[in-house]
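# Topology and contacts: notes
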Amino acid sequence: MGPVSFWALLALLPVTLCAQRQASLGIGTGIVRYSGGSSFSALTVSPAAQRLSPWSFLGFSGSLSLLEGGVRAGQARADLWTSLSRREHGIRPAISATASTTTRSDGVAAGSAAAVIEAMDHGVALGVGAITGVIQGEPGVGAFRIRGRTWWQHDPSSPQLSFTTEATHFLGAWYTDVVGGVTYDRGRTVGSVWLSGRFSKTYGSTGAASASLQYFLTPSIAVEASGGNYLRDPFQGLPRAGFVAGAIRFFAARRVAMAALPAARPALQPLVAMHRGGDTVAVRFHMIGARSVAIAGNWNEWKPEALRGLGEDIWEATMRLAPGTYYFNLVVDGSEWVVPGGVATIPDGMGGLIAVLNVL
């Protein structure tokens, strides 16, 4: 577990098609090699859970590993990101926080926590904050941190590019971490490649690289593999190390995006609402196999409102809207935020897309 997974979510949030609530359990094995030794896990159990919306992310991940000689090792991490403004344009403030801990039955426990407040606009975010860490039996340490990040994606079927830089003032000297990555999420495959570098005149400079691949055998079961190395964590006393891991992961919610987009698509137009008299309008959607559908848009503060099922997988929403242009997403089965097919979209300013609705 490392920072790159959280930065990927921050860059991708909200994505075109993402789970609002998702829980999973991975079962696998792996090995970590570091200067002076290695740790082989014959069995690792790794639960994860997350809740996403267009304006927030809350996630938890952990692992419990059985090592040689009956030694047990555990890790846990919690991440929070929330936008303090729901405006579609202009600078928006946001807060992100991370807390993590590690422990071994034959060693000591350690933990760290960080928080950053940032300003976001058009795929760029700048922020300041603090990080602290503690190792069992040792006094804690704190540091000031400056962070900048950016992300870019040409269209929903293209890979996402992400870049993050963090400058940390640790024990009277600065070091700077630079992380760049490419993330691909389409059909049955989710993959990423990350390059990291740490630069410091006082602490020395080093680099790391890692890659991960997840392939869905079914909408609820995926095999995953990862490998590479990661930088030293001075706040928990963890050394620089390399790793290789593999697992099979079971998901509570089914993955919706199992089919790739066609190579060429016609230009899409905004959805046009049907008038029902006065300022009441209606929109309909064809959602195959959906048990429930709700609509969330900038007219209702992005709070999902249930649609009415008309049969034959047709769902209808009636709303009181004045003429104008609006933006929305659908929420399917209470757990999937969806941009409906065949509708024009625009970037939401945070790396994702929202659908366009016109009331004439």
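Residues numbered from 1 in each chain as written. Predicted model: local features only at pLDDT ≥ 70, side-chain atom pairs only at ≥ 80, totals over all residues. Heavy atoms only, no water.

The side chains of a regular strand alternate, residue by residue, between the two faces of the sheet. Of all five residues in strand β19 (residues 293-297), five are buried, a share of seventy percent or more. Residues Val293, Ile295 and Gly297 of β19 are buried on one face, and the alternating residues Ala294 and Ala296, pointing to the opposite face, are buried as well. Pairing analysis gives five bridges linking β19 to strand β23 (residues 324-332), with the strands arranged antiparallel. Paired with Gly297 across the strands is Phe328, a residue of β23. For β19 and strand β20 (residues 305-306), the ladder comprises two bridges, and the chain directions are antiparallel. Note on β20: the bridge partner recorded for Ile295 is Glu305. (Buried < 20%, exposed > 50% of the residue type's maximum accessible area, 1.4 Å probe, protein only. Helix = DSSP H or I, 4+ residues; strand = E, 2+ residues; numbered from the N terminus. Pairing = 2+ DSSP bridges.)

This next bit is on the sheet that holds strand β22 (residues 314-320). What links the strands of a sheet is backbone hydrogen bonding, and the strands pair in either a parallel or an antiparallel sense. Spatial strand order, β17-β18-β22-β21: four strands in an open sheet with antiparallel pairing. Edge strands, defined here as strands with exactly one partner in the open sheet, are β17 (274-275) and β21 (308-311).

Okay, the confidence of the model for the protein chain next. Summing up the model confidence of the protein chain, the mean pLDDT is 86 and the portion of residues at 70 or higher is 88%. Segment residues 1-19: pLDDT under 50, and 69 contacts once partners within four positions in sequence are set aside and those in other chains are kept. The low-confidence segment residues 257-265, where pLDDT is below 50, has 13 contacts with residues more than four positions distant or belonging to other chains. (pLDDT = per-residue confidence, 0-100. Contact = heavy atoms within 4.5 Å.)

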